[in-house]
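Overview (structure and organization)
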Amino acid sequence: MNGFFGQFGGAFVAETLIRNLEELEHEYERIKEDAAFRNEVAAILKHFVGRPTPLTPLHRIPSKLGGAKLYLKREDLTHTGAHKINNALAQALLARKIGKRRIVAETGAGQHGVAVATVCSLLGIECVVYMGAVDAARQAPNVQRMKLLGADLRLVHAGQQTLKDAIGEAIRDWITNVHDTHYLLGSAVGPHPFPKIVADFQSIIGEEAREQIWEAEGRSPDYVVACVGGGSNAIGIFNGFIDDPDVKLIGVQAAGEGIESSKHAAPLVKGSLGIVQGSFTYMLQDAYGQILETHSIAPGLDYPGVGPQHSYLKDSGRVEYTSINDREALKAFEYLCRTEGILPALESSHAVAYALKLAPTLSEDKIVLVNLSGRGDKDMNQAMEGLERLAQLEQLELEGVTV
Ligand SMILES: *Cc1c(COP(=O)(O)O)cnc(C)c1O
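Source: prediction; values computed, not measured.

**Thoughts on the UniProt feature "modified residue: N6-(pyridoxal phosphate)lysine" (unreviewed entry) in the chain**
When the UniProt feature table is mapped to this numbering, "modified residue: N6-(pyridoxal phosphate)lysine" (unreviewed entry) covers Lys-84. Relative to the helices and strands, Lys-84 is located in helix α4 (residues 84-98). In this structure Lys-84 touches Gln-111, His-112, Ala-115 and Gln-202, once residues within four positions along its chain are discounted.

**Some thoughts on the domain arrangement of the chain**
Under the domain assignment used here, the chain contains domain 1 (4-46 + 83-199) and domain 2 (51-81 + 203-398). Computed from C-alpha atoms alone, the centre-to-centre distance between domain 1 and domain 2 is 24 Å. In total, domain 1 and domain 2 occlude about 2,600 Å² of area from one another, counting both sides; carbon and sulfur atoms represent 63% of this. Run the count over domain 1 and domain 2 and you get 0 salt bridges.

**Some details on the UniProt feature "coiled-coil region" (unreviewed entry) in the chain**
Per the UniProt annotation, the sites labelled "coiled-coil region" (unreviewed entry) are residues 14-41. Spanning residues 14-41, this segment combines 86% helix with 0% strand, and its end C-alpha atoms are found 32 Å apart.

**Some details on the site of the ligand**
Near the ligand you find 16 residues, and of these Lys-84, Ser-187, Gly-231, Ser-232 and Ser-373 are the closest. Side-chain polar atom of Ser-187 to an oxygen atom of the ligand: 2.6 Å apart, as the coordinates give it. In this structure, Ser-232 approaches the ligand through a side-chain N or O atom, which is 2.7 Å from an oxygen atom. About the coverage of the ligand: the protein hides 97% of its 380 Å² of free accessible area. Across the shell around the ligand, the residue classes tally to 4 nonpolar, 10 polar and 2 charged. There are two domains that each give the shell around the ligand at least three residues, and those are domain 1 (4-46 + 83-199) and domain 2 (51-81 + 203-398).

**Some points on the sheet that holds strand β5 (residues 102-107)**
In spatial order, the strands read β7-β6-β5-β8; together these 4 strands make up an open sheet with parallel pairing. With one partner strand each, in any of the chains shown, β7 (152-156) and β8 (181-183) form the two edges of the open sheet. Mean inter-strand twist for the sheet, computed between neighbouring axes without regard to direction, equals 25°. Bridge count between β5 and β8: 3 bridges; the pairing is parallel.

**Digging into the packing of aromatic side chains**
Here the structure, examined in full by the defined rule, presents 8 aromatic pairs. Joined through ring pairs, the aromatic side chains of Phe-8, Phe-280 and Tyr-282 make up one cluster. One Lys or Arg, Lys-314, reaches over the ring of Tyr-282 and ends 5.3 Å from the middle of that ring.

**Quick notes on the sheet that holds strand β3 (residues 55-57)**
Pairing is mixed across the open sheet formed by 6 strands, whose spatial order is β3-β4-β14-β9-β10-β13. Across the chains shown, the open sheet's two edge strands, defined by having one partner strand only, are β3 and β13 (319-325). Each adjacent strand pair in this sheet contributes to an overall mean axis angle of 25°, direction not counted. Both β3 and strand β4 (residues 69-74) contribute to a ladder of 3 bridges, which runs antiparallel. In the sheet register, Pro-57 faces β4, and the bridge partner there is Tyr-71.

Each value, and the rule that gives it
- Starting afresh in each chain, residues are numbered from 1 along the sequence in its written order.
- Under the rules for a predicted model, residues below a pLDDT of 70 receive no local features and side-chain atom pairs below 80 are neither given nor counted, while totals for whole chains, interfaces and linings still include all residues.
- Side-chain metrics rest on all non-hydrogen atoms present in the structure, leaving aside hydrogens and water.
- UniProt positions are given in the numbering used here, feature names are shortened, and annotations may be inferred rather than shown by experiment.
- Only DSSP runs of H or I covering at least 4 residues are called helices, and only runs of E covering at least 2 are called strands; the numbering of each starts at the N terminus.
- Residues are treated as being in contact if the distance between any of their heavy atoms lies within 4.5 Å.
- Where each domain begins and ends is defined by an automated method or by a domain database.
- Each of two parts loses accessible area, computed with a 1.4 Å probe, when they are put together; buried area is these two losses added.
- Here, a salt bridge means any Lys or Arg side-chain nitrogen found within 4 Å of an Asp or Glu carboxyl oxygen.
- Think of it this way: one heavy atom of a residue within 4 Å of a molecule or strand is enough to make that residue near it.
- Here a polar contact is recorded for every N or O atom pair within 3.5 Å, except that within protein the pair must consist of a potential hydrogen donor and a potential acceptor, and residues adjacent in sequence are included only if both atoms are side-chain atoms.
- Note that accessible areas follow from Shrake-Rupley with a 1.4 Å probe, and for residues the cover is restricted to the protein chains shown.
- Polarity classes work like this: nonpolar for Ala, Val, Leu, Ile, Met, Phe, Trp, Tyr, Cys and Pro, charged for Asp, Glu, Lys and Arg, and polar for all others, with Gly in that last group.
- Two strands qualify as a pair provided that DSSP identifies no fewer than 2 bridges between them.
- All axes here are fitted lines through C-alpha atoms, helices being fitted over the stretch that makes contact, and every angle between N-to-C directions spans 0 to 180 degrees.
- Aromatic pairs are defined between Phe, Tyr and Trp rings, using the six-membered ring for Trp, whenever the two ring centres lie within 6.5 Å; interplanar angles under 30 degrees are classed as stacked, those over 60 as edge-to-face, and all others as tilted.
- The rule is short: NZ of Lys or CZ of Arg within 6 Å of the ring centre and within 35 degrees of the ring normal puts a charge over the ring.

Below is the structure:
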């Protein structure tokens with residue numbers, strides 16, 4: 001069925017939205033193969049975003065831990081510091097091609113908002129970003145960035161004043177102004193055709209990584225590891241290897257304070273089936289179908305749903321989904337900083353943490369490729385606080401106090 005991955009996906013939205021989604025799908029299918037459009041995306045990715053991003057072999061960690069060779073795909077080195085810009089740029093160019101002169105988006109932690117504000121500034125497109133007032137108070141530097149970049153930042157005071165409420169406002173705006181407005185969704189989530197569009201635009205990560213690893217090693221890696229929030233960086237790198245049955249694909253979700261606690265964000269590990277953001281997928285919900293609160297130290301992983309394609313890939317068995325908790329992610333963050341001179345985003349640290357556990361169990365001729373989805377500058381305060389708390393906790397544990 002169109003718009004589904006097996007039983008997952010679809011467009012479970014209000015009638016008023018269906019026409020917008022159909023128009024977007026129609027225009028996307030028409031434009032995506034257009035040579036002028038593809039060339040424009042490629043040129044800006046090269047000259048502005050800084051693609052191709054490098055593939056970095058790690059030297060010190062494998063020599064300390066033993067086991068497999070490790071490579072990082074360096075999305076942290078893109079302009080604005082994360083993979084989100086790949087999708088924001090291509091969707092903004094698509095919007096302009098369709099004749100929209102205005103873009104609306106919502107943002108939680110502000111990362112997607114910054115990427116959208118950046119490309120709108122570059123392309124001279126009017127940009128409106130909705131953000132929950134509570135989120136905005138927690139993310140002052142991103143609020144400042146969006147304002148400097150010229151975005152019209154609209155704080156949402158309804159409901160919990162977080163991402164869910166911002167999504168509601170952005171969609172209301174889109175329905176009202178669809179004649180000249182594109183809704184720019186930031187991950188491979190939401191109703192059809194967004195999961196497909198975002199996956200297509202992020203597949204550049206996997207295309208490059210495949211070429212680079214073949215150049216370096218003459219073969220595909222044995223494992224590809226990526227963190228999964230909504231799932232866009234993961235599907236982007238997986239798509240480079242998904243038709244290669246010998247490559248094991250691993251998606252890492254956030255176990256927060258523990259996968260057995262109620263404070264995590266791992267619907268692919270502990271979720272059940274339901275509809276979230278217009279899409280049938282694994283999600284975290286209570287017995288009455290109410291969306292549960294999630295927790296992760298990484299703001300980009302703190303989401304109760306997941307892109308429908310990942311739900312499909314889980315059930316089909318092609319991808320294995322697992323989880324890493326806050327503590328393990330912090331440790332990996334610190335280890336990569338100290339040992340390889342790279343400051344990873346806390347989201348990406350989840351993938352790194354899994355790779356650090358996996359690599360020593362493998363033989364030296366194995367290759368593990370990790371998608372480093374973003375850089376950690378944005379996470380500095382949280383990481384420092386988290387590491388201090390961890391040090392105190394470990395001291396208490398040493399002294400035999402149970403906490
Ligand atoms: C937003 C974000 C993520 C999570 O989003 P996906 O759509 O799952 O990729 C991961 N890493 C970084 C650095 C992010 O900013």
